[in-house]
Amino acid sequence: MKKQKVAPLDNKSRALKSELAMIAGIMEGSPDAIGVAVVRLECGCRKMAALDKKGDPASKVVAYRDGADSICAKCKEDNGAFHRVTEAFIDWDKEDLDEAVKREIEIKVLGSQPPTQ
């Protein structure tokens with residue numbers, strides 16, 4: 001059989017794949033977790049933390065930037081300030097959670113206002 005050539009991933013696909021790997025690692029290290037809160041910042045850095053069934057932290061906050069040794073200087077200065085958030089969501093591990101419970105946790109963790117751009 002011939003080996004098929006695999007097309008290289010573009011930057012966006014590579015970043016998404018890296019993000020999914022981080023989410024899986026956080027979930028694996030947090031046995032009480034039902035999901036991971038993900039906050040994407042305009043600079044390309046991300047902050048993530050596992051959540052328990054009450055919406056409380058089930059892990060430490062992990063801040064990282066793809067392909068870098070550490071987060072950017074701006075994030076070090078302002079800890080990823082809210083006004084620089086471009087997207088925030090929860091990656092749920094347990095799909096059988098009631099939608100009302102999910103919404104309640106989302107509001108508790110992420111707030112009720114969409115990020116400003």
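A brief structural summary. Quantities reported herein were computed from a predicted structural model and do not represent experimental measurements.

### What to know about helix 1 (residues 11-28)
Item 1. Between its first and last C-alpha, helix 1 extends 26 Å over 18 residues, near the 26 Å set by a 1.5 Å rise per residue.
Item 2. Turning to helix 1, its buried residues number three or more, namely Ala15, Glu19, Ile23, Ile26 and Met27. Down the axis of helix 1, the buried set is contained in an arc of 110°. They therefore lie on one face. Counted as exposed and oriented over 90 degrees from the buried face of helix 1: Lys17 and Glu28.
Item 3. Buried positions along helix 1 lie against strand 1 (35-41), strand 2 (45-51), strand 3 (62-65) and strand 4 (85-92).

### Comments concerning the sheet that holds strand 3
Item 1. Here four strands make up an open sheet; going across it, the order is 3-2-1-4 and the pairing antiparallel. Edge positions in the open sheet fall to strand 3 and strand 4, since each of these has one partner strand only. For this sheet, the mean angle separating the axes of adjacent strands, direction not counted, is 20°.
Item 2. Lying on the sheet, helix 3 (residues 99-110) is in contact with strand 1, strand 2 and strand 4; it crosses strand 4 at an angle near 140°.

### As for the nonpolar core
Item 1. Ile23, Ile26, Met27, Ala33, Val36, Val38, Met48, Ala50 and Tyr64 together form the largest nonpolar core, which totals nine residues.
Item 2. Going through the elements one at a time, helix 1, strand 1 and strand 2 are the ones with two or more residues in this core.
Item 3. Sort the elements by how many residues they give to this core and helix 1 lands first, with three residues.
Item 4. Non-local contacts of Tyr64, meaning those with residues more than four positions away in its chain, are made with Ser18, Glu19, Met22, Cys45, Arg46, Met48 and Ile71.

### Some details on the pairing of strand 1
Item 1. Counting buried positions over the seven residues of strand 1 gives seven, a clear majority of the element.
Item 2. Side chains Gly35, Ala37, Val39 and Leu41 of strand 1 all project onto a buried face; the interleaved residues Val36, Val38 and Arg40 project onto the opposite face, where all are buried too.
Item 3. The pairing of strand 1 with strand 2 spans six bridges and is antiparallel. Paired with Gly35 across the two strands is Leu51, which belongs to strand 2.
Item 4. Connecting the antiparallel pair strand 1 and strand 2 is a turn made up of three residues, with Gly44 showing a positive phi of about 105°.
Item 5. Two elements, strand 1 and strand 4, share seven bridges in a ladder whose sense is antiparallel. Among the inter-strand pairings, Ala37 is bridged to a residue of strand 4, identified as Ile90.

Procedures and definitions
Residues numbered from 1 in each chain as written. Predicted model: local features only at pLDDT ≥ 70, side-chain atom pairs only at ≥ 80, totals over all residues. Heavy atoms only, no water. Helix = DSSP H or I, 4+ residues; strand = E, 2+ residues; numbered from the N terminus. Expected span 1.5 Å × (residues − 1). Buried < 20%, exposed > 50% of the residue type's maximum accessible area, 1.4 Å probe, protein only. Arc of directions from axis to C-beta. Contact = heavy atoms within 4.5 Å. Pairing = 2+ DSSP bridges. Axes fitted to C-alpha atoms, helices over the stretch in contact; angles between N-to-C directions. Core = buried A, V, L, I, M, F, W, Y, C linked by side-chain atoms within 4.5 Å.

All we've got here are geometric facts, nothing functional implied.
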